[in-house]
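So the chains spell out like this:
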Amino acid sequence: MDIETLLHTCLAHQKLSMDTLRSLTFPDDPFGRYLINQQLEQIHDPRAIDLLLVRLTDDDPGVA
Amino acid sequence: MSPSSAAHALGVLREPRAHEPLLDLLASSHERAYYQQIEIGVVADGVVYTGADPIATLLSLLHTYTDDSVIGGHVINQLPLHGDNQVIDGLLEAIGSESDHSTESATRRLAEVGRSAPEALVSRIFAHHSPEWLDDLEHSLKEVLRTAGPNVVPSLIATAQSSASESALRVILPALYAIGNVRAVPLYERLRTHRDRLVRAYAIFGLAAAGDHRVLDDLLQEAGQGWNEYELGRACAGLGSAILPRLIRLLESSTASEQQREDVVSVLGMLRDPDAVPPLIAALSTETSSMRRRAVRALGETRDPRAVSPLIRCLKDDQEHVRQWGVVALYDLARHQVAKDEVVNALVEVMTNTQETPHVREQAALLLPSLGGEDLVPAFQEVFEDQDPNISVIISGGLERLGPRGVAALVQYAQSGQEPLQTSAFERLCFVRDPVAEQAVIDGLDAASPSRRKHAAMAIGRWHLEQAREQLMAALDDPDEAVQLEVIRSLGIIGDERSLFRLMALRGEQRGPTTETKAHAVNRAVIAIYRRVSSSHSDADSGA
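Residues numbered from 1 in each chain as written. Chains lettered and ligands numbered in written order. Predicted model: local features only at pLDDT ≥ 70, side-chain atom pairs only at ≥ 80, totals over all residues.

Once that is clear, we can look at the overall build of chain B. When you go through chain B residue by residue, the secondary structure sums to 34 helices and zero strands. Along the longest, intermediate and shortest principal axes, the C-alpha atoms of chain B span 80 × 65 × 45 Å. Counting across all 544 residues of chain B, residues that qualify as buried make up 46%. Residue pairs at least 24 apart in sequence account for 65% of intrachain contacts in chain B once pairs closer than 6 positions are excluded. (Helix = DSSP H or I, 4+ residues; strand = E, 2+ residues; numbered from the N terminus. Buried ≥ 20, exposed ≤ 12 C-beta atoms within 10 Å, placed from the backbone. Contact = placed C-beta atoms within 7 Å.)

Given below as structure tokens:
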């Protein structure tokens, strides 16, 4: 999924599955990571929290 | 940007495992140059939401970051205020902070506590701190109590009447006097012979302000002792006309010091008694310019028409500061409807006088728009067309404040093609929120000068001129990077869904030395537009 598709999905208020979110990486795109974090916040799944914790502690300002 | 969105998400989820990592992230937040204040606030909030006890966490953060104006200031604003002793103690610690921002925020919040829980505040200040601590924070504590207002008066009086130390009284008495409350009179009476000079003086001020003539002699002794002239003046005014002959005698006394006489002059103005006017006019002829300046200010306070002509003559004084205060004093008279036309003419003469110093001309130009209306536009235009670099900014601001005719004149200059009038007027228009100026500002996006295009782009965002969205989108291709940057920022404010996708496409086109700044601006704009568009979608969904 590219960033434009992700944006369309978010604007349409569609929720992505945990597996889809885990598969998404936008290493140089803070907005992409912002959209993913927003989706993770809305998922009631312990794995979402684990993923957010990894994103939080990542030292690379572009990756976290 | 992104770590704070993860921090926000983990805070919303109240995830305790995120608490320590968030504390670490907060500790390193300043080193991360890409952070901005709001994002540090998001991380700090995340720390609080993921902690076991929100108030304890906030207080711990406040203790750690009290000297950090961003984190400390944010935490202070988040603290709930309900007279909790620990919260009050935390804020009292913060008013001694090295950060002015933390000190100001803590002062403001403590004053809020003083209004809702005055007994708790006063008790925490005076019953739980040493005299040395009170001495160190005397100024800030007085400010807290003064700002808290009348609600703290009963607790302050009760504290002062019990076993308060001299240090406590040195905070309480000035605060009570500043708040001004007759309930404190018995306390003033008890302390009017106190051994501490400051305590004694404020007790005398308080009694005088309440009209107690027995303190007249004591009060006169305080003239020239370095008190704030308004505090002294308020005390003298409390004694009414009884004090006037004594003040005049002191002013004319050969044994009075210069400082005493200057204080007397200031106080005479505040009495607003017709009999005070002749000695003040006489004081305008003294050789000391500081005395003339005080007399000028005092005459402005009298609101007496006899002051007008002498003050107009002071506009020719050889000292700039006397002339400058002359302008202010005349303005004071005119705003109270004393000789308004005569004053306006005198101030216009000062403003248009190219032999006068910029400071005095500026002072007149700053005050005139509050006195006159559109009739003053030609006088301001005359000075604006001179384009004296020292005052042109004030003059263009004055034109703006004169109303639609002044703004129309600026629009005309902005479209005149005549430099430097055109640029000067256009830049001023960019700070005016006036429908008359909107189209001229939007047209500025097509100006030849990059500076004008940049100002236009900024103003479009600042004023939320949504009708200019298409022009802004087109201006994303502006050849000037600085203009592009402002266009991006303004699109962040007024952009719609189409702008969002256009900005996302732009991210692949970034080149050149300012790429990083531009990339940040684009990312910020994209997120700002997304939040707005996304929430409007939600509103539409819930409406449906």
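Moving on, we come to the overall build of chain A. Looking only at helices and strands, one finds four helices and zero strands in chain A. If you list the helices and strands of chain A from N to C, you get α-α-α-α. Counting over 64 residues, chain A shows a buried share of 33%. A sequence separation of at least 24 residues applies to 47% of the contacts in chain A between residues at least 6 apart.

Bringing the environment of Glu497 of chain B into the picture now. Tracing the sequence through the fold places Glu497 of chain B in helix α33 (residues 497-506). Owing to 16 C-beta atoms within 10 Å, Glu497 of chain B belongs among the partly exposed residues under this scheme.

Residues and elements named next belong to chain B. Mean pLDDT for chain B: 91, with 95% of residues reaching 70 or above. Taken as a whole, residues 33-38 scores under 50 in pLDDT and shows six contacts with residues more than four places along the chain or in a different chain. Here the complex is predicted with pTM 0.81, and the ipTM for its interfaces comes to 0.87. (pLDDT = per-residue confidence, 0-100.)

Our focus in this paragraph is α33 of chain B. Listing the buried residues of α33 of chain B in full gives Ser499, Leu500, Leu503 and Met504 of chain B. One side of α33 of chain B holds all its buried residues, which, seen down the axis, span an arc of 140°. (Arc of directions from axis to C-beta.)

Okay, the packing of helix α27 (residues 404-414) of chain B against helix α28 (residues 421-429) of chain B next. Residues and elements named next belong to chain B. Here α27 crosses α28 at 135°, and the two axes come no closer than 7 Å. Considered as vectors, α27 and α28 are oriented oblique to each other. Every pair of crossing elements has a handedness; the one defined by α27 and α28 is left-handed. Taken together, the residues of α28 that come into contact with α27 (itself represented by Leu410, Val411, Tyr413 and Ala414) are Leu421, Gln422, Ala425, Phe426, Arg428 and Leu429. Its residues placed into classes, the contact of α27 with α28 shows eight nonpolar, one polar and one charged. (Axes fitted to C-alpha atoms, helices over the stretch in contact; angles between N-to-C directions. Parallel < 35°, antiparallel > 145°, perpendicular 65-115°, else oblique. Left-handed = near helix turned anticlockwise from the far one by under 90°. Nonpolar A, V, L, I, M, F, W, Y, C, P; charged D, E, K, R; others polar.)

Residue and element names in this part refer to chain B. Among the residues of helix α11 (residues 153-161), those classed as buried are Val153, Ser155, Leu156, Thr159 and Ala160. Down the axis, α11 shows its buried residues gathered within 165° of arc, on one side only. Check the buried side of α11 and you find it contacts α8 (118-127), α10 (138-148), α12 (166-179) and α13 (185-191).

Our focus in this paragraph is unusual backbone geometry. Residue and element names in this part refer to chain B. In this structure, the amide linkage connecting Glu419 to the following residue, Pro420, adopts the cis form with an omega of 0°. Among the structural elements, Pro420 can be located in the loop between α27 and α28. A positive phi angle is found at Arg303, which is not glycine, with a value near 60°. Within the secondary structure, Arg303 sits in the loop between α20 (289-302) and α21 (308-314). Residue Arg303 is classed as partly exposed on the basis of its C-beta count, with 16 C-beta atoms lying within 10 Å. With phi around 55°, His464 is a residue other than glycine that occupies positive phi space.

What follows is about the confidence of the model for chain A. Regions with low pLDDT should not have their predicted coordinates read in detail. Summarising the model, chain A shows a mean pLDDT of 82, and 88% of its residues fall at 70 or more. Considering only residues more than four positions removed or in separate chains, one finds that residues 59-64 of chain A, a stretch of pLDDT under 50, has 13 contacts.

Before going further, it helps to spend a moment on the environment of Leu25 of chain B. Here Leu25 of chain B shows up in helix α2 (residues 19-27). For the pair Leu25 of chain B and Ser4 of chain B, spaced 21 residues apart in sequence, the C-alpha separation works out to 9.4 Å.

Inspection of the secondary structure puts Val47 of chain B in helix α3 (residues 37-50). Beyond its immediate stretch of four places on either side in the chain, Val47 of chain B contacts His19, Leu22, Leu23, Leu26, Thr57 and Leu61 of chain B.

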